[in-house]
Structures are given as structure tokens and as C-alpha cells.
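Residue-level structure breakdown
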Amino acid sequence: MIRAELARALSDAVEAIVSAGQLPAADYPIEISEPKNPAHGDFASSFALTAAKFAGKSPAAIASLVVEQLSKLNWIESASAAGPGFVNIRLSENYFCECARDAFAAGSGIARTSKPQPMRVNIEFVSVNPNGPIHVGHGRGAAFGDTLARLLEASGDQVWREFYVNDGVNSLQMRLFAESVKARYRELLGLPFQFPDDGYKGDYVMEVAERFLKEFGDSHPDDGLEFWQPHAQSMMLEIQKRDLERFGVKFDCWFSEQSLHDDGSVSRDIDALRAKGELYEQDGALYLRSTAFGDDKDRVVVRADGRPTYIASDIAYHKNKFDRGFDHLIDVWGADHHGYVQRTRAAVRALGYSEDRFEAIITQLVRFYENGKLVEMSKRDGSMVTLAELMDQVGPDVARFFYLMRSHEAHMEFDLDLAREHSERNPVYYVQYAHARICSLMARAKEQGLEADPNAIEHLETPERELIKKIWDLPFEIARAANDRAVHRVATYITELAKQYHDFYEKCRVISPENPSRSAARLALCEITRTAIREGLNLLGVSAPQQM
RNA sequence: GCGGACGUAGCUCAGUGGAUAGAGCAUCAGUCUUCGGAACUGAGGGUCGGGGGUUCGAAUCCCUUCGUCCGCGCCA
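The structure contained in this document is the topic of the report that follows. Bear in mind that the values here come from a model prediction, so they are computed numbers and not experimental data. (Residues numbered from 1 in each chain as written. Chains lettered and ligands numbered in written order. Predicted model: local features only at pLDDT ≥ 70, side-chain atom pairs only at ≥ 80, totals over all residues. Heavy atoms only, no water.)

Topic: the side chain of Asp 167
Note the cut-off: Secondary structure elements are taken from DSSP: a helix is a run of H or I of four residues or more, a strand is a run of E of two residues or more, and numbering for both begins at the N terminus. Exposed residues in this analysis have more than 50% of their type's maximum accessible area, buried residues have under 20%, and partly exposed residues fall in between, with area computed by a 1.4 Å probe over protein chains only. The charged-residue count follows a simple rule in which Lys and Arg add positive charge and Asp and Glu add negative charge, with His and chain termini not counted at all. Every case where a carboxyl oxygen of Asp or Glu lies within 4 Å of a side-chain nitrogen of Lys or Arg is listed as a salt bridge. In protein, a polar contact requires one atom able to donate a hydrogen and another able to accept it; more generally it is a pair of N or O atoms within 3.5 Å, and residues adjacent in sequence count only if both atoms are side-chain atoms. We call two residues contacting when some pair of their heavy atoms lies within 4.5 Å.
Within the secondary structure layout, Asp 167 lies in the loop between strand 5 (158–165) and helix 6 (172–188). Lys 241 provides the closest opposite charge to the buried, unpaired Asp 167, separated from it by 11 Å. Of note is the side chain of Asp 167, whose polar atom sits 2.7 Å from the side chain of Ser 256. Not counting the four nearest positions on each side in its chain, Asp 167 is found in contact with Gln 233, Ser 256, Glu 257 and Gln 258.

Written out as C-alpha cells, the structure reads:
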């Protein structure tokens, strides 16, 4: 990894300077960046500028010391001090050739690193109530959570994907949903039915009723809610599961909230918290002292009538996750839930866990426009665009890429008309096209008896150097995106890589039978580019087609 | 009112405290007898919402102000 090697070289240089007594010992930040202006070199460091604060020397003087050290390395073609104190670095051609051969040898391993001590991470996301389908508003959290999971895996962590099912039998919403399904079932049977006043009016309720009729027949029009609720719920879950899988999202576990009540976890954990003095009674209800842990008010855990609130199950749920041995918990929530971060964190701390083992990530809401108008979405009246419908119209690749292109913390606008009518202009095609182009090129080369040979790589032209440099940014970008939970950087990166490849393609002819050695070298560059694009797309859950 | 997020090109959005703030789309002008034109090259377009501050240096950090969105239940 080029940047890592450079950082090590810089670090060694600084150490040498310090031990020569030319700089005071300190914990200097080592920084390597890529200059915007290519004339400045392949890489640059502002080390001298930042070190000047501690060192009592001018940035220019420090820069020249660093230059002196770096110039000793044979793989660095030149190092020079410039501007207010930057050190500009140009790498040797041989080094780039070596890097290309390394990338070729690494294959798809270029996108994976391992850790001596992998972290066991539980990431919970989507967790839509089982009273409606996954709709486009949920798509962002689904795509984000899944890609973050892939990034963490690529960075060497062990990741467990979990969907929390709010299936509490006491939930009023779930009762109402079951009543709505039952009414539609009776309607299907031609029986008199009474649709609940605030019932769920969407078409998917009928879909659930139809599934039920198909599976269980027509003998249940008079069964009560205790029969209908679990069935309505599990059928809705099946539909959610189907849509999510089509979207490229598979969970290791669909965790039932009700199971925490059934196995006694909730009451046991509440008793334990009470014994620790984290709970108190007021007006007949039991409160969690969450203000002691940074919340802005204390929260009711058990109502005056004795029924636990959802926080009670959340307490048990998070404890359960820790009990299963996870080092770190990530909850991905939509912005409409950001108010719950503090109280959940408070609950985790009250349970006695360090708060840095719990992380809530908020994805900002997406606004959808259709016919130039904001689409209002309501589960009750059924006015929503489902994720399945979106995929029907633009395909899973476009849908995923669109959600993942932008930072999860920025508000996002989704123009459904544009996605449908001009989907061929979506940036995802730009990247996929580069991949398909390489596949086609390599197939054609093979027909002519030409094969990639990394050992033939030599005498690089500028587009070739830039391409190699860009390819080796992949592990760096993956690590950075995983660390910062900034999954959109992968989308930005592969778009830039595709651009770099197209530039190379325009300027460097690959297949030229009269020059088989150069052809073999350039085919090797195509091969490593193809691998990098494929791995990048794979992290996003987007396919890498061989032809389009 | 309180809390949180976001204000960057006509539109949608990138941007590790660093050198001359970028991309896509849109607009305009170009590139093809050659490996996939779903491509490439170029042009125009900016008080980085406003104002203070921190420092060698701020779109980036702090304060303040304006605007937009979200949340503020013994609902889940």
C-alpha cells in the first residue's frame, strides 16, 4: 500500500532527524496527502508546517531536513520543499511498476485487510415494524447498514447483521394491522367485513390477506386477533425479507422483541437495574434515571398499569447483544429517531457497559419527488413508494448506488422521475461501463493470443502511473470509509477510478499485436483495474456486469 | 421554546485544518476510417448562507445570526 509505505518512510525520516538532535522528540502527526496540482508531485506532506509549532524551527528548515532524509531512498525519485513548507514527493517509475505487480499478485485481496484482533461487531439496521412493506424511505438505512457491514468485514472485523422485529403482542399498531388484514381476508371471501377506522389502507394489506388465504385456506374468518396477529406479522416479515434480499441485504438474524418478554429477560433486567438503584417509582410508574447518563429527562420503563414500555425491551435487547459476546454495537437509525440516541446510550451505561461500545448512527431523511412534487408517505393511507416498486423501475443496482452516493449525514433528494426516465445517465453506469469495457477488451485480446503479464510492465506513461496510483488508493479508501462510517466515499472512489481508466484507455492503446510485450503489460493494468472496480462495486452491493 | 442535522456552481452533491474549492447533470464548443461513443477534450458558471473568532493557514474548528428539515408520549 503506497500511502502506508510513504507514511512509514516519513516516520523513519522524522525519527532519524530527531535522533540526530535536529528536532525535539515529540509525538509528531505523520500526514501524507495527494496534491491537487499534479505538477507538485505524486504525494505531499504538510509535516513541516504542523511540526513547526512544537519544534521552534521554521517550516522551510524542517522541510529541507525531511527532504534530505527521503532523498536517500531509492524508490523515491525526488523529494523537494515547496511553498510555505510542503514536502513534495515523486516516486520512481520502478516503484510504480513494482506496485502494479503487487496489485496483480494480490488479486481481490487488495480490497481486504486482516486485523490481529478482529472486533466482533453487531450492526442492527432497517428494523422496520412488521406492519408494512419496506418503502423507499427505508432504502437508505438498508443500503448504508449493509455496505458499512461489508466495509467492516473488508477491514478485518467480524460482523453480524441484525434486524430487530418490533413484534410485541401489546403493540396497538400491530393489533390494528392484524385487524386490517383480517378485514381484507373477509372481503376476499365475500363476507361482510368492517375495516377498522384507522386501519392500514395500502394495497400490501391485501397482498398479505391473499398470501394468507393461499396458505391457510378460507376457514379463519372468525378467528380472533390472537390467531391473526402472529400470522399477519410473519407474512409481512416474509415480504420484507424477500424485498431486502432482492436489494442485496441479508440478515444473520431477525431478532424478536417479543422473545425478550417471553424468556423473562425484560423483567429480569429491570429487576437488576432496580437493584442497582438506576430506577425509581413516581406516580405509579417506574422510571429510568437516564438524566444521570446525559439524557434530558428520565424515561418511563414500566407504566403505571404494569405494562413495560419499548425502552424496557430496548434495555433487554442491548444487554442481550452484549451477552452474546459482541465487542461493539452499532444501531443505524433514521433521523426521525435521533431523539432516542441519548436515552439508549443512557440505558447502555446504566447497564454498566462503557458507552464507547455503543454507537448510534443517524442517516438523514430522504425526500422523494415525483412529477416535481414532494411525495408524502404514510403507512396508514398506503401512500408510499415501496422499495420493490423502485427496484422494478430502475433495478437494484441503480437504487443502491443512488442511496450510497451521498454522505449519510446529508439530507438527500431523490427524484423518482429522473431515476426512472434517465436511469441510463446514472453514475452507476459510468462505473459499470468501465468494468464491461475491460471485460470485452480482455476477451478480445485473448482471441488474438495476448495475455496479461505483470512482469512486462515497464516504461510507464502518465495515465498508467496515475492508474496504478489510483488502484492502490482502494485499501486506503476502504479503511477510511470504514473508520469514518462514510460509505459514500467508496462510490466517489470507484467513480474516480473509472474516470482514470477511461483516460488511460483513450491515451494508451492496449491491444497492439506488433508490440506483444507492451500489450501484455497494459492488459495487466486492465486486469488490476477490473479487480479494483469489481471489489468496489461489490462493497456497495452493486453488480459488476461483463457486458451491458 | 429546547435539542439535533444540514446550507458549497443553474440543479443534485463531493471536498483528510493546507498550495489556484471539485464532480455529475444541464448549457455551449469540439474529438471517431483503429481495442465498446454508456467514452474523451475544452468553455462559461462560486461573497463555500451572513457576521465575528481561533492560527502561519478555515468550506472544514469555536461563537453568533438567518434559513430548511427532524425530534421533543406512561406510542413503537
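Overview of the pairing of strand 11 (residues 358–363)
The line we're drawing: Only when DSSP finds a minimum of two bridges between them are two strands counted as paired. The path from the first strand over the helix to the second decides the hand: if it runs clockwise while the strands point away from the viewer, the crossover is right-handed.
Within strand 11, six of the six residues are buried, leaving the element largely enclosed by the surrounding structure. Across the two faces of strand 11 the burial is the same, with Phe 358, Ala 360 and Ile 362 and Glu 359, Ile 361 and Thr 363 all buried. Sheet topology places strand 10 (residues 328–334) next to strand 11; six bridges connect them, and they run parallel. Of the residues in strand 11, the one forming a bridge with Trp 333 is Ile 362. In this view, the connection linking strand 10 to its parallel neighbour strand 11 by way of helix 12 (residues 341–350) has right-handed handedness.

Some thoughts on the protein's contact with RNA strand B
Here is the rule: Any residue with at least one heavy atom within 4 Å of a molecule or strand is counted as near it. By the convention adopted, Pro, Cys, Tyr, Trp, Phe, Met, Ile, Leu, Val and Ala count as nonpolar, Lys, Arg, Asp and Glu as charged, and the other residues, Gly among them, as polar.
The environment of RNA strand B is made up of 63 residues, and the closest members are Phe 86, Glu 413, Tyr 430, Tyr 433 and Arg 437. When the atoms of RNA strand B within 4 Å of the protein are sorted by group, sugar and phosphate make up 58%. At a separation of 3.0 Å, a base nitrogen of RNA strand B approaches a polar backbone atom of Val 510. Among the secondary structure elements, those contributing two or more residues to the surface near RNA strand B are helix 2 (47–55), strand 3 (86–91), strand 8 (285–288), strand 14 (412–415), helix 15 (427–447), helix 17 (473–484) and helix 18 (488–507). It is helix 15 that provides the largest number of residues to the surface near RNA strand B, a total of eight residues. Residue composition of the surface near RNA strand B, grouped by class: 24 nonpolar, 20 polar and 19 charged.

Observations concerning the nonpolar core
Put simply, the test is: Nonpolar cores were defined as sets of buried Ala, Val, Leu, Ile, Met, Phe, Trp, Tyr and Cys residues, with membership established by side-chain atoms within 4.5 Å.
Ranked by size, the top nonpolar core spans 124 residues in total, and within it Leu 91, Tyr 403 and Phe 414 carry the most contacts. Those residues within four positions of Tyr 403 in sequence are excluded, and the remaining contacts are Val 136, Gly 139, Arg 140, Ala 143, Phe 247, Phe 368, Leu 387, Leu 390, Met 412 and Phe 414. Of all hydrophobic cores here, the second largest spans 33 residues; its members include Leu 286, Leu 288, Trp 333 and Ala 335.

Points about the packing of aromatic side chains
Cut-off, in case you're wondering: Stacked, edge-to-face and tilted labels apply to pairs of Phe, Tyr and Trp rings (six-membered ring for Trp) whose centres lie within 6.5 Å, assigned for plane angles under 30 degrees, over 60, and everything in between, in that order. Two limits define a charge over a ring: the Lys NZ or Arg CZ must be within 6 Å of the ring centre, and within 35 degrees of the ring normal.
Taken as a whole, this structure holds 28 aromatic pairs when the rule is applied. Their ring planes at 20 degrees and their centres at 4.2 Å tell us that Phe 163 and Trp 254 sit as a pair that is stacked. On the criterion of sequence distance, the pair formed by Phe 163 in strand 5 and Trp 254 in strand 6 (residues 253–256) is long-range, its members being 91 residues apart. The class of Trp 254 is partly exposed, set by a relative accessible area of 22%. Considering the side-chain rings of Phe 212 and Phe 216, the 4.8 Å spacing of their centres and the 25 degrees angle between planes classify their relative orientation as stacked. Of this pair, Phe 212 and Phe 216 are both found in helix 7 (residues 203–216), four residues apart, which corresponds to roughly one turn of the helix. Feature note: the residues Tyr 185, Phe 212, Phe 216, Phe 227 and Trp 228 constitute an aromatic cluster, connected by ring pairs. Seen from the ring of Phe 326, Arg 120 lies directly overhead, with NZ or CZ sitting 4.9 Å from the centre. Here the basic side chain of Arg 437 rests over the ring of Tyr 505, its NZ or CZ set 3.7 Å away from the ring centre.

Any functional reading would require information that these geometric values do not contain.
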